[in-house]
Amino acid sequence: MNDKIEKVAQWIITSKRTVVFAGAGLSTESGIPDFRSPGGVWDRYDPQDFYFQNFLSNETSREKYWQMATEMYEPMKKAQPNPAHLAIAEMEKLGKLDCVITQNVDGLHFKAGNSEERVLQLHGTAMHVSCLNCRKSYDRDMIQERLRKTGGKAPRCDDCGGFLKPATISFGQSMPEKETEEAHRRSSLCDLFIVIGSSLVVHPAASMPLVAKQNGARLVIINRDPTPYDDMADAVIHGQAGTTMAGILEKLREKLKQDG
Ligand SMILES: [Zn+2]
């Protein structure tokens, strides 16, 4: 294990472009439940109500959506970045991070200190709400407060009356084109691709390590469980994201110090 941590730290030092790919495992270590796991919100709600088409087509689905979204938002709002988030933010400060491509919508990379331009949010963000008609963006807390005051009525846009929805990507809604393209581009250009806390099964995000590897990058996978890409990875660490990344950061700092 320590050998691997040392090796990965050395690869980060020599890398010219390191891309981090962050999955749900990173957020669960900050206490945010993975909505796909047993006991998650899908046990209590009917996923059908949350397909984008249903959200568009009827008021009852919109209200149910907001009820579930409110329940998911509460732990996100309270969550704090864990040592893995902090290590990724530190990599940016050390000039050792090209970007982080994230599947998480909780904004924890920003709370940890990463800058806007270095975070590609593939599934959008739960920290904002946007109008599906005119795209106007609202602060999430403000809309949650409005929802509370109206007894859960589905909120509408102040400007155009369009439906408001958290700026996350729902089932049946297409991936954000700009972010997805940019994530593919960065994956193809990097020389080191580090997966943290993702089982790499959700597409199209899961194709990115492949893109990186095919373009000559080293692939590192840090995940609690095995992934379909473990066999092609240059290093695989089956462990907690927080402790592993904290270990890598410590080695990284030591080496940077030695190099002067
Ligand atoms: Zn609008």
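Structure: see above.
First things first, this report covers the structure right here in the doc. Everything numeric in this text was worked out from a predicted model, so none of it was measured.

The next point concerns the packing of aromatic side chains. Taken as a whole and assessed by the stated rule, the structure comprises four aromatic pairs. Both rings, one in Tyr51 and one in Phe171, keep their centres 5.6 Å apart while their planes meet at 35 degrees; by these two values the pair is tilted. On the criterion of sequence distance, the pair formed by Tyr51 in the loop between helix 2 (24–28) and helix 3 (52–57) and Phe171 in the loop between strand 6 (164–168) and helix 8 (177–189) is long-range, its members being 120 residues apart. Relative accessible area serves as the criterion here: at 35%, Tyr51 is assigned to the partly exposed category. On the basis of relative accessibility, which here comes to 34%, the residue Phe171 falls in the partly exposed class. Measuring from ring centre to ring centre gives 5.1 Å for Phe55 and Tyr65, while their planes differ by 80 degrees; the resulting arrangement is edge-to-face. Separated by ten residues along the polypeptide, Phe55 in helix 3 and Tyr65 in helix 4 (residues 59–78) bring together distant segments of the chain. Positioned over the ring face of Phe163 is Arg62, at 3.6 Å from the centre of the ring. Positioned above the aromatic ring of Tyr73, the side-chain terminus of Arg140 is 4.2 Å from the ring centre.

Below, the discussion takes up the sheet that holds strand 9 (residues 235–237). With parallel pairing, six strands are arranged side by side in an open sheet as 3-2-1-7-8-9. Looking along the sheet, the strands with just one partner apiece sit at the ends: strand 3 (119–121) and strand 9. Strand-to-strand twist across the sheet, computed as the mean angle between neighbouring axes with direction ignored, equals 15 degrees.

What follows is about the coordination of the zinc ion. Around the zinc ion, the protein supplies Cys131 (SG), Cys134 (SG), Cys157 (SG) and Cys160 (SG) as donor atoms, at distances of 2.3 to 2.4 Å. Classification of the site at the zinc ion rests on its four donor atoms, whose angles at the metal span 98 to 118 degrees, yielding the label tetrahedral. As a motif over one chain, the donors of the zinc ion read C-x2-C-x22-C-x2-C. Placement of the pair is Cys134 in the loop between strand 4 (124–131) and strand 5 (137–139) and Cys160 in the loop between helix 7 (140–149) and strand 6, with a sequence separation of 26 residues. For Cys160, a relative accessible area of 35% puts it in the partly exposed group.

A few words now on the packing of helix 4 against helix 7. Two elements in contact, helix 4 and helix 7, have axes separated by 12 Å at closest approach and are oriented at 130 degrees. Here helix 4 lies oblique to helix 7, going by the angle between them. Helix 4 and helix 7 meet at a crossing whose hand is left-handed. Mapping the contact onto sequence places Trp66, Ala69, Thr70, Tyr73 and Lys77 in helix 4 and Arg140, Asp141, Ile143, Gln144 and Leu147 in helix 7. Across the contact of helix 4 with helix 7, the residue classes tally to five nonpolar, two polar and three charged.

Further remarks concern the pairing of strand 2 (residues 99–102). Along strand 2, one buried face is formed by Cys99 and Ile101 and the opposite face, lined by Val100 and Thr102, is buried too. Bridge analysis of strand 1 (residues 18–22) against strand 2 gives four bridges, and the strand direction is parallel. Across the sheet, residue Val20 finds its bridge partner in strand 2, namely Val100.

Calculation criteria
Residues numbered from 1 in each chain as written. Predicted model: local features only at pLDDT ≥ 70, side-chain atom pairs only at ≥ 80, totals over all residues. Heavy atoms only, no water. Phe/Tyr/Trp six-rings, centres within 6.5 Å; stacked < 30°, edge-to-face > 60°. Helix = DSSP H or I, 4+ residues; strand = E, 2+ residues; numbered from the N terminus. Buried < 20%, exposed > 50% of the residue type's maximum accessible area, 1.4 Å probe, protein only. Lys NZ or Arg CZ within 6 Å of the ring centre and 35° of its normal. Pairing = 2+ DSSP bridges. Axes fitted to C-alpha atoms, helices over the stretch in contact; angles between N-to-C directions. Donors = N, O, S within 2.8 Å, 3.2 Å for Na, K, Ca; no water. Tetrahedral: all angles 85-135°; square planar, octahedral: opposite > 155°, others 65-115°. Parallel < 35°, antiparallel > 145°, perpendicular 65-115°, else oblique. Left-handed = near helix turned anticlockwise from the far one by under 90°. Contact = heavy atoms within 4.5 Å. Nonpolar A, V, L, I, M, F, W, Y, C, P; charged D, E, K, R; others polar.

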